[in-house]
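# Structure at a glance
Residue strings, one per chain:
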Amino acid sequence: MTVATTMDVPLVDLKAQYRTIREEVRAAIDGVLETMQLTIGPNVRAFDKEWAAYCGTAHAVGVGSGTDALMLAIRALGIAAGDEVITVSQTFFATVEAICYSGARPVLVDVDEDSMLMDLAAVEAAITPRTKAIIPVHLYGRTVDMGPLLKLAAAHKITVIEDASQSHGALLDDGVTKAGAAGRVGCFSFYCSKNLGAYGEAGSITTNDAGLADEFRQLREHGGVQRYYHPVVGYNARLDEIQAAILRIKLKRLPQWTERRRALAVRYEELLAGSGVRTPELPAGLRHVMYAYVVRVSGGRRDALRAHLTERGIGTQVHYPVPIHLQEAARFLGYKNGDLPVTERLSTEVLSIPMYPELTDTQQQHVSSSIREFMK
Ligand SMILES: Cc1ncc(COP(=O)(O)O)c(C=O)c1O
């Protein structure tokens, strides 16, 4: 088979997915508009139940975004100025931003070379008497090794808040528990490009603690349960009915979409074997949900490969080009280049290549052969 030299393959193709659910989505949006029940209503309540059931938690509380989820979790757990929260620098900015809102100090640790996830030895070394919480980030669709992390946290009486924004349905190392169901609280983003993505902003907080779930419901609506009565100062962090209706439609397809992502990951590994790029580890049992398929290119060739793929019509992204500890906004934390060497090197090596359930075999072949062509 000859492979075309140019072919548009976006990093993520939301339009292709929309075409498969268009009629159902339009009918659902229309249904919400006919009732004009636009904020928390039947769809939010039903989605909260369905998302909790999917994650295997007793409760889920829909909120306005993944950032809201983290912010409310941190707030409800009483974390504030004077406390420290340990997380990774190798994450999306919002993880750290949410800690900053509380006034607590983010303590950023390095990641493991192979998994690209939180390094547990580094976490242990970073614990102080001020440490109130640890936020493991299940980055790219793969879960942090939660068994040992939970033990470590329990030994020090530290709360664990999972940032599962990129790992909807990913399984933990026990092969049974889902991301977001192991810590005290799980935080999810439904940003449009996520495995389960809204058509706007949305997020959710999962927990097995009924009292905490009540607090999240209160905090998401200006600190009140009954309208115009505000026992505490809260936020406007509501999930809206249209987004909840869309998420309910997409959630039914999530298992099959995840299977397709996994199959694509296995195939990428075959197609890229021996090409010179390092493919991501696929943990045993295919627990990964492949939010992003991140290859690594050493020797300073990452950006040139990226340019080559752009020329071939292939969308790519760098997750992430500047580690959080070296961001301008984080200067007040006092980190410097060299503090987190693995994270810093990854920022020069990682490249996310097209990964979405609708990616066709032919498109994937084109991506892989374009990478091989450059690397040879
Ligand atoms: C790891 C991680 N944490 C937090 C967030 C914040 O989510 P949102 O953009 O929905 O606020 C995102 C996604 O954007 C994320 O990928």
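Conventions used here
- Residues numbered from 1 in each chain as written.
- Predicted model: local features only at pLDDT ≥ 70, side-chain atom pairs only at ≥ 80, totals over all residues.
- Helix = DSSP H or I, 4+ residues; strand = E, 2+ residues; numbered from the N terminus.
- Buried ≥ 20, exposed ≤ 12 C-beta atoms within 10 Å, placed from the backbone.
- Contact = placed C-beta atoms within 7 Å.
- Pairing = 2+ DSSP bridges.
- Right-handed = clockwise from strand over helix to strand, strands pointing away.
- Domains from an automatic or database assignment.
- Nonpolar A, V, L, I, M, F, W, Y, C, P; charged D, E, K, R; others polar.
- Axes fitted to C-alpha atoms, helices over the stretch in contact; angles between N-to-C directions.
- Core = buried A, V, L, I, M, F, W, Y, C linked by C-beta atoms within 7 Å.
- Left-handed = near helix turned anticlockwise from the far one by under 90°.
- Near = placed C-beta within 6 Å.

## Thoughts on unusual backbone geometry
- In this structure, Tyr-320 follows His-319 across a cis peptide bond, with omega equal to 15°.
- Here Tyr-320 is to be found in the loop between α9 (302-311) and α10 (341-349).
- In the Ramachandran plot, Tyr-140 falls in the positive-phi region, its phi being about 65° despite a non-glycine side chain.
- Judged by C-beta crowding, with 24 C-beta atoms within 10 Å, Tyr-140 ranks as buried.
- Residue His-222 is not a glycine yet carries a positive backbone phi of 60°.
- Assignment of secondary structure puts His-222 in the loop between α7 (210-220) and α8 (241-272).

## Notes on helix α4 (residues 93-102)
- Regarding α4, the residues found buried are Ala-94, Thr-95, Val-96, Ala-98, Ile-99 and Ser-102.
- The inward-facing, buried residues of α4 contact α3 (66-76), β2 (84-88), β3 (105-109), β4 (131-135) and β5 (159-163).
- The positive-phi residue at the C-terminal boundary of α4 is Gly-103, with phi of around 90°.

## Quick look at the pairing of β2
- Counting buried residues in β2 gives 5 out of 5 residues, a clear majority hidden from the surface.
- Burial along β2 is two-sided: the residues Glu-84, Ile-86 and Val-88 and Val-85 and Thr-87 are all buried.
- Taken together, the 5 bridges between β2 and β3 define a ladder with parallel strand orientation. Looking across to β3, one finds that Ile-86 is bridged to Val-107.
- Handedness of the β2-α4-β3 crossover: right-handed.
- Here 4 bridges tie β2 to β4, and the two strands are oriented parallel to one another.

## Details of the domain arrangement of the protein chain
- According to the domain assignment, the protein chain contains domain 1 (17-110 + 117-249) and domain 2 (254-375).
- Contacts between the two partners involve 24 residues from domain 1 and, on the opposite side, 27 residues from domain 2.
- Those elements that place two or more of their residues in the side of domain 1 that touches domain 2 are α4 and β3.
- Classifying every residue of the side of domain 1 that touches domain 2 gives 9 nonpolar, 12 polar and 3 charged.

## Things to note about the sheet that holds β3
- Spatial ordering of the open sheet is given by β1-β7-β6-β5-β4-β2-β3, a layout of 7 strands whose pairing is mixed. Every interior strand has two partners, whereas the edge strands, β1 (59-63) and β3, have only one. If you compare each strand with its neighbour and ignore which way they point, the axes differ by 25° on average.
- Strand contacts of α4: β2, β3, β4 and β5, with the helix running at about 175° to β2, the strand carrying the most contacts.

## Some details on the nonpolar core
- Counting 101 residues, the largest nonpolar core has Leu-72, Ala-73, Cys-187 and Ile-205 as the members making the most contacts within it.
- Here this core takes 8 residues from α8, the largest share from any one element.
- Looking at this core, you find at least three residues from each of domain 1 (17-110 + 117-249) and domain 2 (254-375).
- Beyond its immediate stretch of four places on either side in the chain, Ala-73 contacts Ile-161, Val-185, Cys-187 and Ile-205.

## Points about the packing of helix α2 (residues 42-55) against α8
- Where α2 meets α8, the closest approach of the two axes is 8 Å, and the angle between their N-to-C directions is 35°. Crossing of α2 against α8: the hand is left-handed. Contacts between α2 and α8 involve Asn-43, Val-44, Ala-46, Phe-47, Glu-50, Trp-51 and Tyr-54 on the former and, on the latter, Glu-241, Ala-244, Ala-245, Leu-247, Arg-248 and Leu-251.
- The class makeup of the residues in the contact of α2 with α8 is 9 nonpolar, 1 polar and 3 charged.

## Digging into the site of the ligand
- Taken together, the neighbourhood of the ligand is formed by 14 residues, with Ser-65, Gly-66, Thr-67, Ser-165 and Ser-189 sitting nearest.
- For the shell around the ligand, the class distribution of residues is 4 nonpolar, 9 polar and 1 charged.

## Re the pairing of β5
- Counted residue by residue, β5 has 5 buried out of 5 residues, so it is predominantly covered.
- Because side chains alternate across β5, one face comprises the buried residues Thr-159, Ile-161 and Asp-163, and the other comprises Val-160 and Glu-162, equally buried.
- For β4 and β5, the ladder comprises 2 bridges, and the chain directions are parallel. Bridge assignment links Ala-133 to a residue of β5, and that residue is Thr-159.
- Running through helix α6 (residues 146-155), the crossover from β4 to the neighbouring parallel element β5 is right-handed.
- Where β5 lies against strand β6 (residues 185-189), 3 bridges are found, and the strand directions are parallel.

## As for the packing of α8 against helix α11 (residues 361-375)
- Running from amino to carboxyl end, α8 crosses α11 at an angle of 35°, the nearest separation of the two axes being 10 Å. Of the two possible hands of crossing, α8 and α11 adopt the one that is right-handed. Together, Leu-264, Arg-267, Tyr-268, Leu-271 and Leu-272 of α8 and Gln-364, Gln-365, Ser-368 and Ile-371 of α11 make up the contact between the two elements.
- The residue makeup of the contact of α8 with α11, split by class, is 5 nonpolar, 3 polar and 1 charged.

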